[in-house]
Amino acid sequence: MKRNGKRLYVFMMVSLLAIAVSLSACGSESAEYEWPAMEALRALSASDISSVEYFRATEDGVSQDTVTDAAKVEDIYLRLKDVEITGETDMDTLDDDLSIKVNAGDEMLAFSFAGDIVALDGGKRYQVDDLSSLKSYIDGLIAEKLESTEATKASEEETSESSAKETTEATSESSSAGSSYDIEKGAYKNASPDGSIVYIYFNDFMIIMPNNDKYSYEASGDSVTFYLWAARQEGRGGDLVTIKAYDMNDDSYKQIPNYHIAGVGKNVNKRFVAIYPTNVRWNTEDAEQTADYKELSDYLQKIGEGAANSPLYTADTIEGAQ
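A brief look at the structure comes next. Numbering of residues starts from 1 in every chain and runs along the sequence as written. The predicted nature of this model means local features are confined to residues of pLDDT at least 70 and side-chain atom pairs, given and counted, to a pLDDT of 80 or more, with totals for whole chains, interfaces and linings taken over all residues. Neither water nor hydrogens contribute to the side-chain values; these are computed over all heavy atoms in the structure.

**Description of the side chain of S310**
Rule in force here: Starting at the N terminus, helices and strands are each numbered in turn, a helix being any DSSP run of H or I of at least four residues and a strand any DSSP run of E of at least two. Relative accessible area decides the class of each residue, using a 1.4 Å probe on protein chains only: under 20% of the type maximum gives buried, over 50% gives exposed, and in between gives partly exposed. Pairs of residues are marked as contacts when any of their non-hydrogen atoms sit within 4.5 Å.
Note on placement: S310 falls in the loop between α7 (287–300) and β16 (312–314). Taking the relative accessible area as the measure of exposure, S310 reaches 3% and is therefore buried. Beyond its immediate sequence surroundings of up to four residues, S310 is in contact with K302, I303 and G304.

Rendered as structure tokens:
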């Protein structure tokens, strides 16, 4: 009987030791990162949240909106709080950004994802899991909003034919100001006499850039993106800034996490907005690439409406810039 009691005692001690080691391992793994925003979110209930703002950027374009419907807010909350970090990464993802701002009284919680990656304080990036459900839901809201907008537009056209004709006539009077606006229309380059800078002309604005091959740009529809060439070739994106044209009555750009108003193109009746990336877009382990990205980024951060040192000028101010 004593021998059996001794064996039971040894078995219990070994079991307790195994549990302690397991808990210690879990504790050290969770201590590898801190995600204050997620911890604060999980301490809330859906009823604490008054609204959720989202910013979504994909290959199809950029969308942003504020959700106040209680049921939809809860759906977003439940999906967001299930997102988990799985490990640190140095990868990057293009054209798949999602930013969420949760408004809970005096508290604002912000989350920014690039693909399945989140960047936390300190610049470290982490792979996350269970994000696809949230992205799918947000994409559904975007499609729902678009469908509603198109249905409303169709209804207005049917019931107000004369008003629709007036709108069409007014739009046709301005050759470039409508949904057919092409930011690259008439684009061309002109180097300075000493060859140190180059003037790049777009549809009703111009941007002054260093005359070198460290960067390039791509334009599509109403926007143009400047990027670091070396970073883009490595699959890092390299995005430095995107110049996007908005209708004068469209202030949806205010929902974008990081932007500067660049100016107004009076000939095309568009407001140009400089949109900056919110995550790492270059190889941070490459010293030359890091230096080139910082130099170009710092230069383009000077874009601003009326700023004396802004590299971007609209058509009515181009003459004084040269």
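**Notes on the environment of T68**
Looking at the element boundaries, T68 is found in the loop between β2 (61–67) and α3 (70–80). In this structure T68 comes out as exposed when scored by relative accessible area, which is 56%. The residues contacting T68, other than those within four sequence positions of it, are S50, S51 and V73.

**A closer look at the sheet that holds strand β10 (residues 205–210)**
The strands making up a sheet associate through hydrogen bonds between their backbones, and the pairing can be parallel or antiparallel. What counts is decided by this rule: Note on pairing: two strands pair once DSSP finds at least 2 bridges between them. To obtain each axis, a line is fitted to C-alpha atoms, and for helices this fit is confined to the stretch in contact; angles are then taken between N-to-C directions over 0 to 180 degrees.
Spatial ordering of the open sheet is given by β8-β9-β10-β16, a layout of four strands whose pairing is antiparallel. Looking at the sheet topology across the chains shown, the edges are occupied by β8 (188–191) and β16. Averaged over neighbouring strand pairs, the angle between their axes works out to 25 degrees when direction is ignored. Looking at chain direction, β10 and β16 are connected through three bridges and run antiparallel. Within β16, the position partnered with M206 by the bridge is Y313.

**Here's the deal with unusual backbone geometry**
Phi is positive for D204, close to 85 degrees, though the residue is something other than glycine. On the secondary structure map, D204 appears in the loop between β9 (197–202) and β10. One non-glycine residue, N269, lies in the positive phi region at around 55 degrees. The residue N269 is located in the loop between β14 (259–265) and β15 (270–275) in this model.

**As for the pattern of salt bridges**
For side chains bearing opposite charge, pairing can occur when the charged atoms are close. As a reminder of what qualifies: For this document, the term salt bridge refers to a Lys or Arg side-chain nitrogen within 4 Å of an Asp or Glu carboxyl oxygen.
Considering all chains together, one arrives at 16 salt bridges under this definition. R281 serves as the salt-bridge partner of D97, at 2.9 Å between the closest nitrogen and oxygen. In this pair, D97 is assigned in strand β4 (residues 96–104) and R281 in the loop between β15 and α7, connecting sequence segments 184 residues apart. Judged on exposure class, the residue D97 and its partner R281 are both buried. Linking R236 and E234 is a salt bridge whose minimum nitrogen-to-oxygen distance equals 3.8 Å. By relative accessible area, E234 is classed as partly exposed at 41%. Three or more residues joined by partner-sharing salt bridges are found here, namely R56, D96, K135 and D139.

**Digging into α3**
Which entries qualify depends on this criterion: This arc describes the spread of directions from the helix axis toward the C-beta atoms. Nitrogen and oxygen atoms within 3.5 Å of one another constitute a polar contact, given that in protein one can donate a hydrogen and the other can accept it, and given that sequence-neighbouring residues count only through two side-chain atoms.
All of the buried residues in α3 are V73, I76, Y77 and L80. Projected down its long axis, α3 carries its buried residues within an arc of 100 degrees, all on one side. Capping the start of α3, D69 holds a side-chain oxygen 3.2 Å from the backbone nitrogen of A71, two or three residues further along.

**Structural notes on the environment of K244**
Residue position: K244 is located in strand β13 (residues 239–247). Since its relative accessible area comes to 15%, K244 is described here as buried. Each residue touching K244, except ones within four places of it in the same chain, is listed here: D222, S223, R271, F272, V273 and I275.

**Thoughts on the side chain of T89**
With respect to the helices and strands, the residue T89 is situated in strand β3 (residues 84–89). Contact partners of T89, with chain neighbours within four places excluded, come to I117, R125, Y126 and Q127.

**With respect to the sheet that holds β14**
In space, the five strands of this open sheet follow the order β11-β12-β13-β15-β14, with antiparallel pairing throughout. The two strands at the open ends of the sheet, each matched to only one other strand, are β11 (215–220) and β14. Recorded for the sheet is a direction-independent mean angle of 20 degrees between the axes of neighbouring strands. As defined by bridge partners, β14 adjoins β15 across six bridges and the pair is classed as antiparallel. Bridge pairing in β15 links V264 to R271. Those strands touched by α7 are β11, β12 (223–228) and β13, and its axis lies near 30 degrees from that of β13.

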